[in-house]
Amino acid sequence: MPVSIIFRVAVPVPVRRVFDYLADTKTDVPGPGTRLRVPFAGRLVTGVLLAVADTSDVPIGKLKSVAEVLDTDPAFSADILQLLLWAADYYQHPVGEVLHSALPVFLRQARPARLEPVSVWRITSTGAGADSALLRRSPVQRKILSALSRLPAGMSAKGLAELSTSWRKAITRLQEHGWVEQCDLEPAGPEGNNNPSTGPVLNPDQQRAVEAVKSALSAYQCFLLYGVTGSGKTEVYLHLIEEAVNNSRQVLVMVPEISLTPQLVQRFQTRLSAPVTVIHSGLSPEQRMQAWLYSKNGKARVILGTRSAVMVPIPDLGLIIVDEEHDASYKQQDGFRYHARDIAVMRARNTGVPIVLGSATPSLESVNNAEKGHYELLALPERTGSAKFPDIHCLDLRRMVATNGLSPALLDGIKDRLAKMEQVLLFLNRRGFSPAYLCHSCGWVASCRRCDARLTYHKNRQRLRCHHCGADVPTITVCPKCESTDMKPLGEGTERIETTLKKYFPQARVVRIDRDSTRKKGALEQILNQVNQGEADIMVGTQMLSKGHDFPQVTLVGILNVDQGLYSLDFRAPEYMFQQVMQVSGRAGRGDKPGQVLVQTYHPDHALFRALKRHDYLEFANSMLEERKAGEFPPFTYLSLLRVETPQQSQAQHFAEEAVMLARKHAVVKGVQITDPMPSPMERRAGRYRVQVLIQTSQRKTMHQFLQLWLPLLEQSKLGKRARWSLDRDPIDLY
Ligand code: ADP
Ligand code: ZN
Ligand code: ZN
């Protein structure tokens, strides 16, 4: 009897298991990581081969056959497959979905994993010797032929289209003459830079950092590059990248959000000779597949990407850099909820290469790892050149009235800077005109029908919007409760501050930088250019301002409203608030003129501001770590959050109760604390009721043992099948 070959396949469905299929015994057995088309629930899906076996738990006769083998060379190399299997297990997410999410869209569909050849048209020897006078009456053909005679490598359709809109007809005629030929070439890959510019000479701190990493290029080691804003971290990265590339290695550079830092890509491309490919969510499916393949085939030597780039195949990987490692956008907040920084560290370890985590405000996790000696701390304590730290002052709101959100002292400061022709930056983490809109007669407040949240008033567009579910309705002019027309905005958002500034300083050029003003493609770049060319006097914006932009001409930074971060329920809120304030403050005084930061607050004596005034992030981090330790919070304990949401309140509650019962009865692991179900801080969102269960352990291993027992039980629950639920391991917020 012929032995059957059984393929163990990860299928993109939300269950934590793999499926067996019968393989064709006549062809060669492909390797793990190969994409397969397999029948599943009445349709064909793209799965990934994990292992080959000769027996199955399912009777052979009941197994379906593989429909098609899609790759000749496995889409997932062994190292990426290992990494993703680890991640699926760590985050307890269905392996089929994890593998699926790591593929470019085109490869999730059944397309072949190869680059589309590009057509070029070249002049033939007959064409080169032809008498172009013959083309007297065909000016387009003559133009093309003469262009091609100057470009022996040929021209693509794009180039030809720039010569003439009727190039297709002309080229066909030229081909008929035998003067031009068409050929299909493999795309050359991203271009390197033949003429890279040289950077500044490194200062001693930078040099020390570069040397430390350089001497460790052949093995895993994690470095925490703690460099204050403007201390020259990027210069350190550039030197390390160059070194690794010169050693014939590829480098993965991760950044939080490329669309917010367009200058960074350009800086890399002008400074590095190596071909750089960029990977982020703004790419078309085609561009994404190209970038993925250029990384995999080694044509790209530097891979600069956001979160998902951590899962791209990089065969000669020699170094990983994670810039702004504290940034929350490294955490995927739906579906497969991974933390790209943490996966990057694991990847570096598996591959045996160094990794550099860089930040002016490192996460408490990383500071703690450095203190325990798991990471090596490299410090850049000084700003480069003549730039000094800005002077930080608190403005006590208990002693002054801030009309429309701006205190008299801050207004004076702005006036002063404007008179000196210097720039001002105001930070307020709230977009829209006002965070509330209410009836002055009866106190009715406009709230979202589907969420436990107020609607934000957007005056420019005359809309009321929910920032949680996206609900968007026209502004209400008559109170639905008392029919009064005395409707008023309450509180301030960036739009309102912008309006107020224009009133106080009619001559000043005010620009607003938030998600609303930068929605259009290229809009942010345009505003940043305007600012850098001195065509703006005051910038008002949200946390987008804290994302790595340099504003050398800014000498005054105003922080308008950060108090909610001081006393929030979320244990991470002070950390995030401090990081934002420190990052925004770091935008000031990067040029030769000293900068000043004015913080409006009701709590000027808070310990957080004392550390801020000393520009001492580590002091702050250490005091926060003490608090976390005393309160038994991460990084001293480990958390997982089960989130349940259903249209009816009781459904979510029942499943959460069952989940807790299953945990306490059937997933007993010593040292695991399980809370009773509790409503999420925002109980209703987008029309669903939300309940959560928090799991806490003092050891990472214990958490894992518990989850491995618990999750399969949840998956089998009937109540669970009717609810939407997810597990968030190492959550970055508890909402
Ligand atoms: P960071 O990434 O820490 O914010 P950058 O690397 O962007 O800092 O450096 C900030 C500015 O200082 C940049 O304009 C950079 O060109 C400049 N710079 C960096 N290192 C040096 C140096 N050693 N000497 C002079 N200028 C430097
Ligand atoms: Zn009313
Ligand atoms: Zn809503």
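As a reminder, the structure under discussion sits directly above these lines.
Residues numbered from 1 in each chain as written. Chains lettered and ligands numbered in written order. Predicted model: local features only at pLDDT ≥ 70, side-chain atom pairs only at ≥ 80, totals over all residues. Heavy atoms only, no water.

Q: Is there a simple way to explain the coordination of the zinc ion (ligand 2) in this structure?
A: Any two of four tetrahedral donors ideally make an angle of 109.5 degrees at the metal, while pairs among six octahedral donors ideally make 90 or 180 degrees. The protein atoms that coordinate the zinc ion (ligand 2) are Cys439 (SG), Cys442 (SG), Cys479 (SG) and Cys482 (SG), at distances spanning 2.3 to 2.4 Å. Coordination at the zinc ion (ligand 2) is tetrahedral, judged from the four donor atoms that bind it and the angles of 104 to 114 degrees they form at the metal. Mapping the donors of the zinc ion (ligand 2) onto the primary sequence gives the spacing C-x2-C-x36-C-x2-C. Of the two residues, cysteine 439 sits in strand E18 (residues 436–439) while cysteine 479 sits in the loop between strand E21 (472–474) and strand E22 (487–490), which places them 40 residues apart along the sequence. Residue classification places cysteine 439 among the buried positions, given a relative accessible area of 1%. What makes cysteine 479 buried here is its relative accessible area of 1%. (Donors = N, O, S within 2.8 Å, 3.2 Å for Na, K, Ca; no water. Tetrahedral: all angles 85-135°; square planar, octahedral: opposite > 155°, others 65-115°. Helix = DSSP H or I, 4+ residues; strand = E, 2+ residues; numbered from the N terminus. Buried < 20%, exposed > 50% of the residue type's maximum accessible area, 1.4 Å probe, protein only.)

Q: Even after reading the chapter, I still don't get the packing of helix H1 (residues 78–90) against helix H12 (residues 340–351), so can you show me in this structure?
A: The relative placement of two packed helices is expressed as an angle between their axes plus a distance between the axes. Direction vectors running N to C along H1 and H12 enclose 135 degrees, while the axes themselves pass 11 Å from each other. Of the possible angle classes, the one that applies to H1 and H12 is oblique. Of the two possible hands of crossing, H1 and H12 adopt the one that is right-handed. Every residue of H12 that contacts H1 at Asp79, Ile80, Gln82, Leu83, Trp86 and Ala87 is listed here: Ile343, Met346, Arg347 and Asn350. (Axes fitted to C-alpha atoms, helices over the stretch in contact; angles between N-to-C directions. Parallel < 35°, antiparallel > 145°, perpendicular 65-115°, else oblique. Left-handed = near helix turned anticlockwise from the far one by under 90°. Contact = heavy atoms within 4.5 Å.)

Q: So what exactly am I meant to see when it comes to the sheet that holds E21 here?
A: The strands making up a sheet are joined through hydrogen bonds of the backbone, oriented either antiparallel or parallel. Spatial ordering of the open sheet is given by E19-E20-E21, a layout of three strands whose pairing is antiparallel. The open sheet is flanked by strand E19 (456–458) and E21, the only strands paired with a single partner. For this sheet, the mean angle separating the axes of adjacent strands, direction not counted, is 30 degrees. Note: E19 against strand E20 (residues 463–465), three bridges, orientation antiparallel. Across the sheet, residue threonine 456 finds its bridge partner in E20, namely arginine 465. (Pairing = 2+ DSSP bridges.)

Q: Please clarify how the nonpolar core should be interpreted in this entry.
A: Nonpolar side chains tend toward joint burial in soluble globular proteins. By size, the foremost hydrophobic cluster in this structure holds 54 residues, and its most contacted members are Phe76, Leu99 and Ile355. Element by element, the count of residues in this core is highest for H1, at seven residues. Phenylalanine 76 has contacts with Pro32, Gly33, Val48, Leu81, Leu84, Leu99, Ala102 and Leu103, leaving out every residue within four places of it along the chain. In terms of nonpolar packing, the next biggest core, distinct from the first, is built from 41 residues, Val511, Ile513, Val584 and Leu612 among them. (Core = buried A, V, L, I, M, F, W, Y, C linked by side-chain atoms within 4.5 Å.)

Q: Can you help me understand the site of ligand 1 in this one?
A: Around ligand 1, 15 residues are found, and the nearest of them are Val201, Gln206, Lys233, Thr234 and Arg267. In the model, a nitrogen atom of ligand 1 is placed 2.8 Å from a nitrogen or oxygen of the valine 201 main chain. At 3.2 Å, a backbone N or O of glycine 230 approaches an oxygen atom of ligand 1. Compared with its free state, where it exposes 560 Å², ligand 1 has 73% of that area covered by protein. Looking at the shell around ligand 1, the element that brings in the most residues is helix H9 (residues 233–246), giving three residues. Looking at side-chain class alone, the shell around ligand 1 contains four nonpolar, seven polar and four charged residues. (Near = heavy atom within 4 Å. Polar contact = N/O pair within 3.5 Å; in protein donor to acceptor, adjacent residues only side chain to side chain. Areas by Shrake-Rupley, 256 points an atom, 1.4 Å probe, with all protein chains shown as cover. Nonpolar A, V, L, I, M, F, W, Y, C, P; charged D, E, K, R; others polar.)

Q: Where do I start with the packing of helix H13 (residues 364–371) against helix H19 (residues 617–630) in this structure?
A: At a closest axis distance of 10 Å, the pairing of H13 and H19 adopts a crossing angle of 95 degrees. With respect to H19, the element H13 is oriented roughly perpendicular. Residues Leu364, Val367, Asn368 and Glu371 of H13 pack against Tyr617, Leu618, Ala621, Asn622, Met624, Leu625 and Arg628 of H19. Among the residues forming the contact of H13 with H19, the class breakdown is seven nonpolar, two polar and two charged.

Q: Can you help me understand the sheet that holds strand E8 (residues 180–185) in this one?
A: A sheet is described by the order of its strands in space; here three strands give the open sequence E7-E6-E8, paired in antiparallel fashion. Of all strands in the sheet, those bounded by a partner on one side alone are strand E7 (155–156) and E8. Summarising the sheet, strand E6 (residues 118–123) and E8 pair through six bridges and their orientation is antiparallel. Across the sheet, tryptophan 121 pairs through a bridge with glutamine 182, a residue of E8. In this fold helix H5 (residues 139–150) packs onto E6, E7 and E8, with an angle of close to 95 degrees to the strand it touches most, E6.

Q: Mind showing me how you'd approach the pattern of salt bridges here?
A: Where side chains of opposite charge bring their charged atoms close, a pairing between them can arise. What the rule picks out here adds up to 41 salt bridges. Residue arginine 16 pairs with glutamate 715 through a salt bridge whose shortest N-O separation is 2.5 Å. Of this pair, arginine 16 sits in the loop between strand E1 (6–10) and strand E2 (19–22) while glutamate 715 sits in helix H21 (residues 700–716), and the two are 699 residues apart along the sequence. By relative accessible area, arginine 16 is classed as partly exposed at 26%. With a shortest N-O distance of 3.0 Å, glutamate 365 and arginine 572 are connected by a salt bridge. (Salt bridge = Lys/Arg side-chain N within 4 Å of Asp/Glu carboxyl O.)

Q: Could you clarify how one ought to interpret the coordination of the zinc ion (ligand 3) in this entry?
A: Donor atoms from the polypeptide that coordinate the zinc ion (ligand 3) comprise Cys448 (SG), Cys451 (SG), Cys466 (SG) and Cys469 (SG), at 2.3 Å from the metal. Taken together, the four donor atoms coordinating the zinc ion (ligand 3) span angles of 104 to 113 degrees at the metal, a pattern that classifies the geometry as tetrahedral. Binding-site remark: the zinc ion (ligand 3) is held by donors from one chain whose sequence spacing is C-x2-C-x14-C-x2-C. In this pair, cysteine 448 sits in the loop between E18 and E19 while cysteine 466 sits in the loop between E20 and E21, placing the two residues 18 residues apart along the sequence.

Q: Could you clarify how one ought to interpret the side chain of serine 56 in this entry?
A: Within the secondary structure, serine 56 is located in the loop between strand E4 (43–53) and strand E5 (68–69). Among the polar contacts listed, one links the side chain of serine 56 to the side chain of aspartate 20, at a separation of 2.6 Å. From its side chain, serine 56 meets the backbone nitrogen of valine 58 in a polar contact 3.1 Å long. In contact with serine 56, not counting residues within four places along its chain, are Ile6, Arg8, Asp20 and Leu63.

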